[in-house]
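# Analysis of the macromolecular model
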Amino acid sequence: MTDTPATRVHVGGSAGSEPYDVLVGRQLLGELAGLIGDRARRVAVIHPEALAETGEALRADLAEQGYEAVAIQVPNAEEAKTAEVAAYCWKALGQTGFTRTDVIVGVGGGATTDLAGFVAATWLRGVRWIAVPTTVLAMVDAAVGGKTGINTAEGKNLVGAFHPPAGVLCDLAALDSLPVHDYVSGLAEVIKAGFIADPVILDLVEADPEGARTPAGPHTAELIVRSIKVKAEVVSSDLKESGLREILNYGHTLAHAIEKNERYKWRHGAAVSVGMVFAAELGRLAGRLDDATADRHRTVLESVGLPLTYRGDQWPKLLETMRVDKKSRGDLLRFIVLDGLAKPTVLEGPDPAVLLAAYGEVSA
Ligand SMILES: NC(=O)c1ccc[n+]([C@@H]2O[C@H](COP(=O)([O-])OP(=O)(O)OC[C@H]3O[C@@H](n4cnc5c(N)ncnc54)[C@H](O)[C@@H]3O)[C@@H](O)[C@H]2O)c1
Ligand SMILES: O=C(O)C(=O)C[C@@H](O)[C@H](O)[C@H](O)COP(=O)(O)O
Ligand SMILES: [Zn+2]
């Protein structure tokens, strides 16, 4: 596998942003210096506690190459996506004398790359950053597309900026240390890409669900590359979510409300899994989606060990939270549903009774 050349997925520039590539392979860190470029003197490596050794090794390597390199360690998972942690990073950059030509490298899962990208977007109104995703979810989704952000007390990702990276390096070897729970969580976004755009992904998962749950599975690289291609194609034409990009939010309206309700102790992918079953039921009840495709959500998500249900008594709170979803317009709730396999569309202002009935289908 070490000799296999990396796969390169191109992300086109949109809304005035620069194009960049996502590389998927092994031993990719040699690519980092080229992405950092000649103008940088300082590099800040933002990493979570779980990747303390990786972060320090990267810092030491960059220092050896002549950069003034600092490692900024942040909490694991969603605890990193707060205004306090962003302020801690800004302080570290200030103390390092970080200028507009210096570069941030975000190494970690989606929470870390969301935070690192947000810090890059806001420091001096925007500096260059590179994503080195180390979870399935971050490789196939979070690190690609330039959505960066943090949570607030009112909800998930409510503060952020569109700030694409200069490049994304997906080193598949990083996945070997990922706990299975986190690995499987990332499969929710892989399966999402299957339902909204590339059904071959669903075929591959269904052909070998056990294999899909491990980095050593026969289709790991293909599942990751196919999912990245789905995301790359969408964000290449609509960086700022003025239309098409909303399809990437499939399952997320309910998912974000569940995450907030669970004080971010549920993994994002687990919540997206329940959210997609809900969206499928919504599509079915609204007369858009056929039974077979709606049922397929349950079978494929369950086959890899993702959850399908959430607490029935929580509906009023979840509904309230969904009102501040970024797809809402005024008092109008908007959901991504499917008109059929790989045919995503928007459902605006569904009847409250239909919403409740769809929630009844995912209630435990
Ligand atoms: N910006 C976007 O477009 C976008 C897209 C999808 C999801 N997201 C965001 O991504 C986040 C979820 O990302 P995630 O699922 O990667 O979770 P995560 O970042 O919370 O990582 C999960 C855990 O694994 C640890 N970890 C990361 N890499 C590891 C490795 N290789 N070995 C061992 N441990 C490792 C992390 O420190 C963390 O404790 C959510 O905040 C979600 O909102 C953003
Ligand atoms: O990239 C996008 O656009 C997505 O919606 C991808 C989602 O998987 C991701 O979770 C994203 O962070 C959600 O964005 P939000 O705007 O709903 O916060
Ligand atoms: Zn997501």
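Residues numbered from 1 in each chain as written. Chains lettered and ligands numbered in written order. Predicted model: local features only at pLDDT ≥ 70, side-chain atom pairs only at ≥ 80, totals over all residues. Heavy atoms only, no water.

## Brief notes about the site of ligand 1
Lining the immediate environment of ligand 1, one finds 28 residues, of which E78, G110, T134, T135 and S177 sit closest. Taking T134, its side chain carries an N or O atom lying 2.6 Å from a nitrogen atom of ligand 1. Residue A174 places a main-chain N or O atom 3.0 Å away from a nitrogen atom belonging to ligand 1. Across the complex, the protein chains shield 93% of the 870 Å² of accessible surface that ligand 1 would expose by itself. Contributing elements (two or more residues each) for the shell around ligand 1: α4 (110-122), α5 (136-142), β8 (155-162) and α6 (180-196). Of the residues that make up the shell around ligand 1, three or more belong to each of domain 1 (7-175) and domain 2 (180-214 + 216-361). (Near = heavy atom within 4 Å. Polar contact = N/O pair within 3.5 Å; in protein donor to acceptor, adjacent residues only side chain to side chain. Areas by Shrake-Rupley, 256 points an atom, 1.4 Å probe, with all protein chains shown as cover. Helix = DSSP H or I, 4+ residues; strand = E, 2+ residues; numbered from the N terminus. Domains from an automatic or database assignment.)

## Details of the confidence of the model for the protein chain
Confidence in the prediction for the protein chain averages 97 pLDDT; 99% of positions are at 70 or higher. For this predicted complex, the interface score ipTM comes out at 0.99, while the overall pTM is 0.98. (pLDDT = per-residue confidence, 0-100.)

## Some points on the sheet that holds strand β3 (residues 42-48)
The strands that make up a sheet pair up through hydrogen bonds in the backbone, lying either parallel or antiparallel. Taken in spatial order, the 7 strands line up as β1-β2-β9-β6-β5-β3-β4 in an open sheet, and their pairing is mixed. Looking at which strands have only one partner, the edges of the open sheet turn out to be β1 (7-11) and β4 (68-74). On average, adjacent strands in this sheet sit at an angle of 15° to one another, irrespective of strand direction. Relative to strand β6 (residues 128-133), strand β5 (residues 103-108) runs parallel, the two sharing 6 bridges. If you follow G106 over to β6, its bridge partner there is A131. Helix-sheet contacts for helix α2 (residues 52-64) involve β3, β4 and β5, and the interaxial angle to β3 is about 170°. Where α4 meets the sheet, it contacts β3, β4, β5 and β6, and its direction lies at approximately 170° from that of β5. (Pairing = 2+ DSSP bridges. Axes fitted to C-alpha atoms, helices over the stretch in contact; angles between N-to-C directions. Contact = heavy atoms within 4.5 Å.)

## Notes on unusual backbone geometry
Not every positive phi belongs to a glycine, and L124 is a case in point at roughly 55°. Within the secondary structure layout, L124 lies in the loop between α4 and β6. A positive phi angle, near 65°, is found at R125, a position not held by glycine. In this structure, R125 sits in the loop between α4 and β6.

## What about the coordination of the zinc ion (ligand 3)?
Geometry sets the ideal angles at a metal, namely 109.5 degrees for four tetrahedral donors and 90 or 180 degrees for six octahedral donors. Coordination sphere of the zinc ion (ligand 3), protein contribution only: E189 (OE), H252 (NE2) and H268 (NE2), at 1.9 to 2.1 Å. A relative accessible area of 3% means that E189 is categorised as buried. With a relative accessible area of 5%, H252 lands in the buried category. (Donors = N, O, S within 2.8 Å, 3.2 Å for Na, K, Ca; no water. Buried < 20%, exposed > 50% of the residue type's maximum accessible area, 1.4 Å probe, protein only.)

## Things to note about the packing of helix α13 (residues 315-322) against helix α14 (residues 352-360)
Put simply, α13 and α14 touch, their axes get as near as 12 Å, and they point 120° apart. In terms of their interaxial angle, α13 and α14 are classed as oblique. The crossing of α13 and α14 is right-handed. Residues W315, L318 and L319 of α13 touch α14, and the partners they reach there are L355, L356 and Y359. Taken together, the residues of the contact of α13 with α14 sort by class into 6 nonpolar, no polar and no charged. (Parallel < 35°, antiparallel > 145°, perpendicular 65-115°, else oblique. Left-handed = near helix turned anticlockwise from the far one by under 90°. Nonpolar A, V, L, I, M, F, W, Y, C, P; charged D, E, K, R; others polar.)

## A word on the packing of aromatic side chains
For the structure on display, the rule yields 6 aromatic pairs. With centroids separated by 5.4 Å and ring planes inclined at 90°, the aromatic side chains of W266 and Y310 adopt a geometry described as edge-to-face. On the criterion of sequence distance, the pair formed by W266 in the loop between α10 (252-261) and α11 (268-285) and Y310 in the loop between α12 (291-303) and α13 is long-range, its members being 44 residues apart. A residue is classified by how much of its surface remains accessible, and W266, at 22% relative accessible area, is partly exposed. Both rings, one in F278 and one in Y359, keep their centres 6.4 Å apart while their planes meet at 65°; by these two values the pair is edge-to-face. In this pair, F278 sits in helix α11 while Y359 sits in helix α14, placing the two residues 81 residues apart along the sequence. Here Y359 falls in the buried class, since its relative accessible area comes to 1%. Through pairs of rings, three or more aromatic residues link up here, namely F278, W315, F335 and Y359. (Phe/Tyr/Trp six-rings, centres within 6.5 Å; stacked < 30°, edge-to-face > 60°.)

## Here's the deal with the packing of α10 against α13
A packed helix pair is summarised by two numbers, namely the angle formed by the two axes and the spacing between the axes. Packing of α10 against α13 brings their axes to within 9 Å, and their N-to-C directions diverge by 115°. α10 and α13 meet at a crossing whose hand is right-handed. Contact residues: T253, L254, A257, I258, K260 and N261 in α10; W315, K317, L318, T321 and M322 in α13. Taken together, the residues that form the contact of α10 with α13 break down as 6 nonpolar, 3 polar and 2 charged.

## Topic: the nonpolar core
By size, the foremost hydrophobic cluster in this structure holds 97 residues, and its most contacted members are V22, I104, L115, I191, L254 and F278. Shared between two domains, this core holds at least three residues of each, these being domain 1 (7-175) and domain 2 (180-214 + 216-361). I104 has contacts with A44, I46, L93, F98, A116, V119, A120, V127, R128, W129 and I130, leaving out every residue within four places of it along the chain. By size, the runner-up hydrophobic cluster in this structure holds 20 residues, among which are L32, L51, Y67 and V107. (Core = buried A, V, L, I, M, F, W, Y, C linked by side-chain atoms within 4.5 Å.)

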